[in-house]
Amino acid sequence: MALNGKTPPGPLTDKWTKYRSTVPLVAPNNKRRIDIIVVGSGLAGAAAAATFGELGYNVKCFTFHDSPRRAHSIAAQGGINAAKNYRNDGDSVYRLFYDTIKGGDYRARESNVYRLAEVSTNIIDQAVAQGVPFAREYGGLLDNRSFGGVQVSRTFYARGQTGQQLLIGAYQSLSRQISLGTVQQYNRHEMLDLVMVDGKARGIIARNLLTGELERHAAHAVVLATGGYGNVFYLSTNAMMCNVTAAWRSVRRGALMANPCFTQIHPTCIPVSGDYQSKLTLMSESLRNDGRVWVPKKQEDAAAIRAGKKTGRDIAEDDRDYFLERRYPAFGNLVPRDVASRAAKVACDEGLGVAPTGLAVFMDFSAAIDRYGKSKASTMGNHHPDAATVRDLGEKVVKEKYGNLFAMYEKITGEDPYKMPMKIYPAVHYTMGGLWVDYNLETNISGLFAAGECNFSDHGANRLGASALMQGLADGYFVLPYTIGNFLANEIRTPKIDANSPEFIKAEADTKTRIDQLMSIKGKQSVESFHRRLGKIMWEKCGMARNAEGLTLARQQIRELRDEFYQDVFVPGSATGEYNPELEKALRVADFLEMGELMVVDALSRKESCGGHFREEYQTEEGEALRDDANYAYVAAWEYNGWDTDPVLHKEELVFENVELKSRSYK
Amino acid sequence: MENMRLKLKVWRQPKPNSKGQFVEYQLDNVSEHMSFLEMLDVLNENLVSKREDPVAFEHDCREGICGTCSMVINGHPHGPQSGTTTCQLHMRHFNDGDTITVEPFRATAFPVVKDLVVERAAFDRIIQAGGYISVNTGQARDANSLPVSKEASSASFDAAACIGCGACVAACPNASAMLFVSAKVSHLALLPQGKVEAQRRALNMVKQMDLEGFGNCSNVTACEAECPKEISVNNIARLNREYISASFSYEEKEDKGGGAG
Ligand SMILES: Cc1cc2nc3c(=O)[nH]c(=O)nc-3n(C[C@H](O)[C@H](O)[C@H](O)COP(=O)(O)OP(=O)(O)OC[C@H]3O[C@@H](n4cnc5c(N)ncnc54)[C@H](O)[C@@H]3O)c2cc1C
Ligand code: SF4
Ligand code: FES
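Residues numbered from 1 in each chain as written. Chains lettered and ligands numbered in written order. Predicted model: local features only at pLDDT ≥ 70, side-chain atom pairs only at ≥ 80, totals over all residues. Heavy atoms only, no water.

Enquirer: In this structure, what is going on with the overall build of chain A? I would like to understand it.
Expert: Across its full length, chain A holds 18 helices and 21 strands. In summary, chain A has a C-alpha radius of gyration of 25 Å against a globular reference of 26 Å for 667 residues, a match within 12%. Along the longest, intermediate and shortest principal axes, the C-alpha atoms of chain A span 80 × 60 × 50 Å. Here chain A holds 667 residues, and 66% of them are scored as buried. (Helix = DSSP H or I, 4+ residues; strand = E, 2+ residues; numbered from the N terminus. Rg over C-alpha atoms; globule rule 2.2 N^0.38 Å. Buried < 20%, exposed > 50% of the residue type's maximum accessible area, 1.4 Å probe, protein only.)

If you want it as structure tokens, here you go:
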């Protein structure tokens, strides 16, 4: 299959402007006759559904949550990037584009990323108009902060709850369209299959989670905005219900899954404390503006800390290794996530970890507290403050900046991070991989679009902080509403799609068979236990570091686990007539068991290291990722044809006309 | 610390219309580092291993931001810790040998779905009635063209921190939704962008709240005490002001204008 990214011709800087003004339009009277299904009402889905509604399309929007406001986007903490250059610190659309391409280790499509940088500024305007209370300065203008992998301050934020405020903004716009009748919202409905008619995506099979009934929904086009699949690892910072089912069921119908092995492991999360653990909690990257990451230099100090005989505060300054500052002087604690995560792993592998499990490093705010305290005292006219005053004032400043994150840390760990350095460790956070899409955000299936984290489009092999919110909202508010016209302009004569056609009946029957099969196994092991075991395999062999031997073994183990699942899983209750969360989980885990294998296959086939994909066989002498641009500067888009045949690789070669491929250095 | 042994009294109700009851479970080996929901996960694993129906409860982010988790623990919505959602509550706040009672949020407008799960769609409908600023995508002007004082934006944020969980309703003897509604009204009315529609918004949201069957506010303020995001009852006072002046000006308009529609 030849993959055509459909990048418009012309210079990079003009592509989008020109394309946008030439893309075919659908006239208002025709829009009213066209139905669009949007699956997902997180940032990407809510933004898209609301905007389609405003434009006059008939929209049906689905979420498995009880309300659109619960989508996982709500949990984003740190901020959202935009090339506003309000700081006058040299930022520009080009710089945001360049940082994103470089941050992604040169594995993203130039044209998409440039467009993202261009529309980033509109997002901030839109959000402010919706009433998003971004942080402001005393002069009343918007405030910014810095995130990893960049040297400008372009991140807009709303305390530590940026995702919440942006999602509420999108949710309110969506609610307005629901009240106007342009959007019909289906809460507690889970998409379990994609329906194709004559090679085009024309609808979905959804399960009403309250009653268990299957429903057929038809439309002229289907948009997936169903989020990422990080929960394939079981433990991650994702919300518990995040899953791959909508995307995976589309892959089962012929959509291609791109770069599935590109996973982001976030360096600063609260470490695992026990085997009952259900999820991991992120400590926002914004903390690395002020937190210094370190481990003891001596193994005996680390051992004493692990045994509870010493604490971080007992280690003298000279006996600490601020390893990010040492290894990457140019970016210090603000290196990109993949680099910071690997460095923490290396430190722990060397026996320098500081939690009882051996898997944690310190993130320390004492220097920041001291610095802020002195500066605050001096603005108050006290030029020789005593240590207690400095500490007190400094803690207040830090509290204002990060109070909610510190409180969250204390609630979970029971330790006071103002007094003791935080303990942190990397955890699965985001999936750069996802459904393959072209410049229109259309998958290889005509009429099927993908937006937000569920597509692969903009972040290459590593996403920069504060760029996912930007991408989700860019896709939903400012890209899809134009690009979908390219498909729909040819559909204005297509009558309403009939949800009673044989294709729909068959897809519903297929889904019912799948559910009945799971219910009838009546084995002995819980769904949860299978998910945990899959997660362990993925984390150990397809996590922060990967090698051919481990990956080969992982593939074998996943296949065995899958067989066991279909022989011995126990799903209680019944499939209809009741609310059955265990069955919901079972369907999701079943899909993770297939997706996990594909991730391993992708990781095996990519014989280079890039971004979040670190193959131990391919590294420099200093332990940095070693890319192979001659052979692997492509998007790996996989076709999946079931358990019995190997997935088929389709390549989209990446063409770099505007940036020069360099080895990524943050030294 | 040694692991704890707990007795749980959990509300079990298989279907919306079936009769519910408390069922007792004994749970050993509860670690103080577990979250309350992880403790329930362990209970459910035990139940599933005995092929019994696990306890249904709602949850998603497990970090206090999505507003999905909802249960009444020992008489308190989200449990006894102030400023804490159920998912953020950790077992270190309980003692070995404790008996813990767990039941769903109770309110006419929040019907039980199963066990500890209730339906809170009424909140969505209240937002749909006016909890937004009427602006289409692409109509916005530059974000910095309208300065907003740090104080106003911060006060707006305090109200916008509401997670829509419904604990305020569960805490209120009248099952009133005033804290939730007032938080949304304040969030938007405190910003210049939202001021324009403030009165209409207040009227329509309150009207919908009444239609949904939430009770009246009689200033008990139990809502503020139980709200995990510490939303202040001052918002209710602001809502009342907005509502009263809106009632006036809207009547006036109707008198003079005559069917502007
Ligand atoms: C803890 C945390 C903090 C983060 N912080 C930041 C940050 O500071 N800045 C940043 O830029 N990014 C951040 N991210 C990443 C960012 O939040 C996500 O990538 C982004 O919000 C994803 O948005 P989305 O709209 O694509 O998907 P989601 O918000 O995950 O929404 C998915 C939607 O799809 C629905 N859905 C899924 N499957 C189905 C189905 N089968 N049927 C029906 N509905 C379905 C869900 O119900 C939901 O409505 C963070 C992520 C985490 C985990
Ligand atoms: S006001 Fe508080 S208790 Fe009520 S819904 Fe909002 S966060 Fe929950
Ligand atoms: S599960 Fe999200 S707030 Fe508790």
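So, next bit.
Enquirer: Quick question: what am I supposed to make of the sheet that holds strand β16 (residues 434-435) of chain A here?
Expert: All names here are of chain A. One open sheet holds the four strands; their spatial order is β16-β10-β20-β21, and the pairing between them is antiparallel. In this open sheet, the two strands that pair with only one neighbour each are β16 and β21 (648-653). Here helix α17 (residues 581-605) sits on the sheet in contact with β10 (257-258) and β20 (634-639), set at roughly 140° to β20. (Pairing = 2+ DSSP bridges. Contact = heavy atoms within 4.5 Å. Axes fitted to C-alpha atoms, helices over the stretch in contact; angles between N-to-C directions.)

Enquirer: Got a minute to help me understand empty space enclosed by the protein in this structure?
Expert: If you roll a probe as big as a water molecule over the atoms, it shows you where there is empty space left. Evaluation of the coordinates by the stated rule reveals eight cavities of 30 Å³ or more. Lining the largest cavity are 50 residues, and of these A:His72, A:Ser73, A:Gly227, A:Gly228 and A:Glu453 lie nearest its centre. Contributions of two or more residues to the lining of the largest cavity are made by α3 (43-55), β6 (189-197), α7 (245-252), β15 (422-431) and α13 (468-488) of chain A. Looking at the lining of the largest cavity element by element, the count peaks at four residues for α13(A). Of the residues assigned to the lining of the largest cavity, the class counts are 19 nonpolar, 25 polar and six charged. The two domains that each donate at least three residues to the lining of the largest cavity are domain 1 (35-262 + 432-628) and domain 2 (267-428) of chain A. Roughly 90 Å³ of internal volume is contained in the second largest cavity. Forming the walls of the second largest cavity are 13 residues, and the residues nearest its centre are B:Cys162, B:Cys165, B:Cys168, B:Cys227 and B:Ile231. Sort the elements by how many residues they give to the lining of the second largest cavity and helix α5 (residues 178-189) of chain B lands first, with three residues. (1 Å grid on protein atoms, 1.4 Å probe; cavity = no way out; pocket = protein on both sides within 12 Å on 5 of 7 lines; lining within 4 Å. Points joined across faces, edges and corners; volume = space filled by probe spheres on them. Nonpolar A, V, L, I, M, F, W, Y, C, P; charged D, E, K, R; others polar. Domains from an automatic or database assignment.)

All quantities given are derived from atomic positions and should not be read as evidence of function.
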